[in-house]
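An overview of the molecular structure
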Amino acid sequence: MKKVGVVLSGCGVNDGSEIHEAVIALLAIARNGAQAVCFAPDKSQSDVINHLNGEAQPETRNVLIEAARIARGEIQPLAMAQAAELDALIVPGGFGAAKNLSTFARQGVECEVDSDLKALALAMHEQGKPLGFICIAPAMLPKIFNFPLRMTIGTDIDTAELLEEMGAEHVPCPVDDIVIDEDHKVVTTPAYMLAQNIAEAAAGIEKLVTRVLVLAE
C-alpha cells in the first residue's frame, strides 16, 4: 500500500488548513487504496482567527495540535517526516499554507518556507517521488525549488503574477482540473482559489490525488 504524506497547517481556512480540501484529499487517498500519513509543524500559528466573524483573536494556538483535529489525532510533527518512508506528498491549502507553512501571506515574493517542509519536499523530489499542492499551497513551490515549475493557483491574475515573479510558469486552470509538471512530478489544482462549493473543490482535488498516485508507480 502506498503511503502519502499529507502536510497540514492547522485547522480552519483563515488560519490553518482548509478543512474541506484536507478531508477531500484524505478521502481520495483512501478511496485510491493508499494510506495517508499526516504531519504538521509543531509550532505556534501565525495568528488565530474567529471563523464566525473573521476577527483576529488575542490567543495563541499550536499548528500540530490544531491539525490533529482534522487527522483525528493520527498525526506526527513535520520534523519527523522521512522521505524514504513515503511514496508521495500532498499539501492542502488554506491560509495556514501562506501563514504557518510559509510567510507568503505577509511577505509575498520575499517569503520563506518552513524549513522542515522544504527539506521534505526536496528529498521527495530527489528520490523521484511526486508532489501535489492544492489551492494557495503552490505559492510555496518557487521558494522550495530553484528551477521553474509549471503550476496553477487558478485564474487569479495578481497571485499568478507574484508566482511568475518568483520564477514559476503559471498556467491558468479551471476549478475542476489540474496542471501537471511531468518532468518534475508536481501536480497542482485551484480548489478554493476558485471553488464556489465543496463539490467544485472536490473535482480538482480528486484528480490531483489520482494523478499523484499514478506518478508514484
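Going by the structure above, here's the rest.
Regarding its fold elements, the protein presents eight helices and nine strands. Taking 17 Å as the expected radius of gyration for a compact globule of 217 residues, we find that the protein reaches 15 Å, a close match to that expectation. With the C-alpha coordinates aligned to their principal axes, the bounding extent of the protein is approximately 45 × 40 × 35 Å. In the protein, the share of contacts with a sequence separation of at least 24, taken over all contacts with a separation of at least 6, comes to 68%. Surface accessibility of the protein: about 9500 Å² in total, with carbon and sulfur atoms responsible for 48%. Counting 16 positive and 30 negative side-chain charges, the protein places the averaged centre of each group 6 Å from the other.

Together, E110, D156, D158, E161, E164 and E165 line one region of the surface with negative charge. The residue E165 is located in helix α7 (residues 157-165) in this model.

This part covers the side chain of T103. Considering the arrangement of structural elements, one finds T103 in the loop between α3 (95-99) and α4 (104-107). For T103, a relative accessible area of 15% translates into the label buried. Apart from residues lying up to four places away in sequence, T103 is in contact with A98, G108, C111 and E112.

Take the pairing of strand β4 (residues 88-91) next. Burial along β4 is two-sided: A88 and I90 and L89 and V91, pointing in opposite directions, are all buried. Across three bridges, strand β1 (residues 3-7) lies against β4 in parallel orientation. Residue pairing across strands places G5 opposite L89, the latter belonging to β4. The sheet contact formed by β4 and strand β5 (residues 131-134) spans three bridges and is parallel. Paired with I90 across the strands is G132, a residue of β5.

Thresholds, definitions, all that
Residues numbered from 1 in each chain as written. Predicted model: local features only at pLDDT ≥ 70, side-chain atom pairs only at ≥ 80, totals over all residues. Heavy atoms only, no water. Helix = DSSP H or I, 4+ residues; strand = E, 2+ residues; numbered from the N terminus. Rg over C-alpha atoms; globule rule 2.2 N^0.38 Å. Contact = heavy atoms within 4.5 Å. Areas by Shrake-Rupley, 256 points an atom, 1.4 Å probe, with all protein chains shown as cover. Lys, Arg positive; Asp, Glu negative; His and termini not counted. Charge placed at Lys NZ, Arg CZ, Asp CG, Glu CD. Patch = residues over 30% accessible without salt bridge, like charges linked within 9 Å, V, L, I, M, F, W, Y side chains within 5 Å. Salt bridge = Lys/Arg side-chain N within 4 Å of Asp/Glu carboxyl O. Buried < 20%, exposed > 50% of the residue type's maximum accessible area, 1.4 Å probe, protein only. Pairing = 2+ DSSP bridges.

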